[in-house]
Amino acid sequence: MGLEPRGRTVQGRPTANPSGEEPGERPKRKVKSFEIRKRLVYEAWQRVQANGGAPGVDAVSIERFADKEADNLYKLWNRMSSGSYFPGPVRAVEIPKDHGQGVRVLGVPNTADRVAQTAAAMLLEEKLEPIFHPDSYGYRPGRSAHDALAKARQRCWKQDWVLDLDVRAFFDSVPHDLLLKAVAHHTDEPWVLLYVERWLKAPMQMPDGTLVAREKGTPQGSPISPLLANLFMHYAFDRWMDREHPDAPFERYADDGVPRTQGGIDVEDRTRRAVLCQRWR
């Protein structure tokens, strides 16, 4: 019996990649607009949780935020990284000033906004702490009002005249443009610059529920405001004093300062309210 004739083996034609065509590219991995470490957001949350505090206008307390900690932190990180994060309004809380001199308005951000602000403040603090003036004591790690008082007591035995000064309504009136310019001078993190501007411009919800737009000031009560206030005063007062009055040492706590000199110095243009005090021994 002869061999059975067989046909030529036919190669199957590839359909996925026709001849002459390059293989299709794999889908590219989505890249976030900003590189923000998840660990930074988590460490910021730990600080906020340790500090406690009241809820903002959304009524989400720290305890309620912690109930869904992983989900809330991921959502916040995702929005911050993609550029879609917008802070909520700041809740205004009125507290009486000392000696019955009116009220002071504090701004309480939402819990998520406090975490975001703390994350940015942690990054800025690393760069700003080394350049801050040694006689600046307010809202700085390892420093307190007691340290400022101890230094003031020591120096008051050496100089004859003391100026007690306070910037009137400083937290309510600091100019946004100059503040943002100072921040940009010390960081090139685009997300920090973007969100600091959004925090500064976030409206304030008054006790009666009305929203008030803000074109200046940084509300007391938010985690990043003390750092921003110190940065502004670093340029507006500390460096100015060193340049114009190098022989007049001072102690400053936020917008309150105590310079001293053998004669007198004119700081009215910088402090907006300066009171010449009697010789302090």
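Residues numbered from 1 in each chain as written. Predicted model: local features only at pLDDT ≥ 70, side-chain atom pairs only at ≥ 80, totals over all residues. Heavy atoms only, no water.

### Regarding the pattern of salt bridges
Then, number 1: Throughout the structure, instances matching the rule amount to 7 salt bridges.
Then, number 2: Put simply, Arg 39 and Glu 43 hold a salt bridge, and the shortest N to O gap is 3.4 Å. Separated by 4 residues within a single helix, Arg 39 and Glu 43 lie in helix α1 (residues 38-51), roughly one turn from each other.
Then, number 3: A salt bridge links Glu 197 to Lys 201; the shortest N-O distance between them is 3.0 Å. Linking Glu 197 with Lys 201, this pair stays in helix α8 (residues 190-201), spanning 4 residues, or about one helical turn.
Then, number 4: Lys 201 sits in the partly exposed class, given a relative accessible area of 48%. (Salt bridge = Lys/Arg side-chain N within 4 Å of Asp/Glu carboxyl O. Helix = DSSP H or I, 4+ residues; strand = E, 2+ residues; numbered from the N terminus. Buried < 20%, exposed > 50% of the residue type's maximum accessible area, 1.4 Å probe, protein only.)

### Quick look at α8
Then, number 1: Taking 1.5 Å of rise per residue, the 12 residues of α8 would be expected to cover 16 Å, and the 17 Å separating its terminal C-alpha atoms lies within 8% of that figure.
Then, number 2: Where α8 is concerned, the buried positions are Trp 191, Val 192, Tyr 195, Val 196, Arg 198, Trp 199 and Leu 200.
Then, number 3: Tucked inside the fold, the buried residues of α8 contact α1, α3 (69-82), α4 (111-128), α7 (176-186) and α9 (225-244). (Expected span 1.5 Å × (residues − 1). Contact = heavy atoms within 4.5 Å.)

### Things to note about the confidence of the model for the chain
Then, number 1: With 80% of its residues at a pLDDT of 70 or more, the chain has an overall mean of 83.
Then, number 2: When the criterion is pLDDT under 50, residues 264-281 qualifies, and its contacts beyond four places in sequence or with other chains add up to 51 contacts. (pLDDT = per-residue confidence, 0-100.)

### What about the side chain of Thr 118?
Then, number 1: Counting through the fold element by element, Thr 118 comes out in helix α4.
Then, number 2: Taking relative accessible area as the criterion, Thr 118 reaches 8% and is therefore assigned buried.
Then, number 3: For Thr 118, the residues in contact, after removing those within four places along its chain, are Ala 44, Arg 47, Val 48 and Pro 223.

### Remarks on the nonpolar core
Then, number 1: Counting 53 residues, the largest nonpolar core has Met 80, Val 115, Phe 170, Trp 191, Val 196, Trp 199 and Ile 224 as its most contacted members.
Then, number 2: Within the residue set of this core, elements represented by two or more residues are α1, α2 (62-67), α3, α4, α6 (170-173), α7, α8 and α9.
Then, number 3: Residue contributions to this core peak at 10 residues, all from α9.
Then, number 4: Leaving out residues up to four positions away in the same chain, Phe 170 has contacts with Ala 229, Phe 232, Met 233 and Asp 255. (Core = buried A, V, L, I, M, F, W, Y, C linked by side-chain atoms within 4.5 Å.)

### Thoughts on the packing of α1 against α4
Packed helix pairs are characterised by how far apart their axes lie and by the angle those axes make with each other.
Then, number 1: Contact geometry of α1 with α4 gives a least axis separation of 8 Å together with a crossing angle of 110°. By the criterion of interaxial angle, the relationship of α1 to α4 is roughly perpendicular. In this structure, α1 meets α4 at a crossing whose hand is right-handed. Of the residues in α4, those in contact with Leu 40, Val 41, Glu 43, Ala 44, Trp 45, Arg 47 and Val 48 of α1 are Thr 111, Arg 114, Val 115, Thr 118, Ala 119, Met 122, Leu 123 and Glu 125.
Then, number 2: When its residues are assigned to classes, the contact of α1 with α4 shows 9 nonpolar, 2 polar and 4 charged. (Axes fitted to C-alpha atoms, helices over the stretch in contact; angles between N-to-C directions. Parallel < 35°, antiparallel > 145°, perpendicular 65-115°, else oblique. Left-handed = near helix turned anticlockwise from the far one by under 90°. Nonpolar A, V, L, I, M, F, W, Y, C, P; charged D, E, K, R; others polar.)

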